[in-house]
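Coordinates in review
What follows is the residue order along each chain.
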Amino acid sequence: MPSIRGVAAGSEGRFNWRRYERPGLTQDEIEELKEAFDLFDVDGTQRVNPRDLRGSIQALGLRRNQVVQHMLNDLERQGAKPLDFAGFVDLMTAKMGERDTKEDISKVFRLFDDDRSGTISLRNLQRVARELGEKMPIEDLEEMIARADSGADGEVSLDDFYTLMTKRNFPY
């Protein structure tokens, strides 16, 4: 495995992880990102060619992973410009932030899904509205469910909820 050295080295010849600190990123995570970067930096130039990175990801069979697909799209938008380690960290931490968002949305979903059925039903939504002091007609609650429910089964799945929570605009 390649050592953690190179352009990012400090005065002792070791990798200086502090140069790449980001909010919410630990020293271990930065060092792991550096090891991954070094694996893709096959010619030792401290740069990763996005085309090579894309090829490696596809060879590993990771194309179907949604986060990886977003990362590949981001690389395409960037063009063929090679990534240095700082750019690689930015790319990877943006995707890590998206993962946390999905985890956070899942926690909120579980607050609605108090019966642990794996869906948000009309009953779940009525309970939340009542707890919040909202007096909403049942027709409004049914409409809320219908707009989010992709399966047309009268219940909102976690995927439906995630899609709803991450949409930039809502259907009327």
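Residues numbered from 1 in each chain as written. Predicted model: local features only at pLDDT ≥ 70, side-chain atom pairs only at ≥ 80, totals over all residues. Heavy atoms only, no water.

1. Points about the overall build of the chain
A count of helical and extended segments in the chain gives 7 helices and 2 strands. Counting from the amino terminus, the chain carries its helices and strands in the arrangement α-α-α-α-β-α-α-β-α. Considering only residue pairs separated by 6 or more positions, the chain has 48% of its internal contacts joining residues 24 or more positions apart. As presented, the chain carries roughly 11,400 Å² of accessible surface, and 51% of it is formed by carbon and sulfur atoms. (Helix = DSSP H or I, 4+ residues; strand = E, 2+ residues; numbered from the N terminus. Contact = heavy atoms within 4.5 Å. Areas by Shrake-Rupley, 256 points an atom, 1.4 Å probe, with all protein chains shown as cover.)

2. Section: unusual backbone geometry
Even without glycine at this site, Q46 takes up a positive phi of about 65°. Secondary-structure assignment places Q46 in the loop between helix 1 (27-40) and helix 2 (50-59).

3. Concerning the packing of helix 5 (residues 122-131) against helix 6 (residues 138-148)
For any two helices packed against each other, the geometry is given by the interaxial angle and the distance between the axes. At a minimum axis distance of 10 Å, the contact between helix 5 and helix 6 shows a crossing angle of 120°. Here helix 5 is positioned oblique relative to helix 6, judged by the angle of their axes. The handedness of the crossing between helix 5 and helix 6 is right-handed. Every residue of helix 6 that contacts helix 5 at L122, L125, Q126 and A129 is listed here: I138, L141, E142, M144 and I145. Residues of the contact of helix 5 with helix 6, tallied by class, amount to 7 nonpolar, 1 polar and 1 charged. (Axes fitted to C-alpha atoms, helices over the stretch in contact; angles between N-to-C directions. Parallel < 35°, antiparallel > 145°, perpendicular 65-115°, else oblique. Left-handed = near helix turned anticlockwise from the far one by under 90°. Nonpolar A, V, L, I, M, F, W, Y, C, P; charged D, E, K, R; others polar.)

4. Re the confidence of the model for the chain
Looking at the chain, the pLDDT average stands at 78 and 77% of residues meet or exceed 70. When pLDDT is averaged over each helix and strand of the chain, the minimum, 70, is found for helix 3 (residues 66-78) and the maximum, 96, for strand 1 (residues 119-120). Taken as a whole, residues 1-12 scores under 50 in pLDDT and shows 26 contacts with residues more than four places along the chain or in a different chain. (pLDDT = per-residue confidence, 0-100.)

5. A look at the packing of aromatic side chains
Scanning the model with the defined rule gives 7 aromatic pairs in all. Taking the centre distance of 5.7 Å and the plane angle of 80° together, the rings of F15 and F85 count as edge-to-face. Taken together, the residues span a long stretch of sequence, with F15 in the segment before helix 1 and F85 in helix 4 (residues 85-112) at a distance of 70 residues. Three or more aromatic residues joined by ring pairs form one cluster here, namely F15, Y20, F37, F85 and F88. The ring of F85 is capped by K34, whose NZ or CZ atom sits 5.3 Å from the centre of that ring. (Phe/Tyr/Trp six-rings, centres within 6.5 Å; stacked < 30°, edge-to-face > 60°. Lys NZ or Arg CZ within 6 Å of the ring centre and 35° of its normal.)

6. Points about the side chain of R127
Along the chain, R127 falls in helix 5. Those residues in contact with R127, other than ones at most four positions away along the chain, are L111, F112, D113 and D114.

7. So, helix 5
By the burial criterion, the buried members of helix 5 are N124, L125, R127, V128 and A129. Where helix 5 terminates, the next one or two residues include G133, which has phi positive at roughly 80°. (Buried < 20%, exposed > 50% of the residue type's maximum accessible area, 1.4 Å probe, protein only.)

8. Concerning the environment of L141
Counting through the fold element by element, L141 comes out in helix 6. Separated by 15 residues in sequence, L141 and Q126 have C-alpha atoms that sit 7.3 Å apart. When near neighbours in sequence (up to four residues on either side) are disregarded, L141 contacts L122, L125, Q126, A129 and M136.

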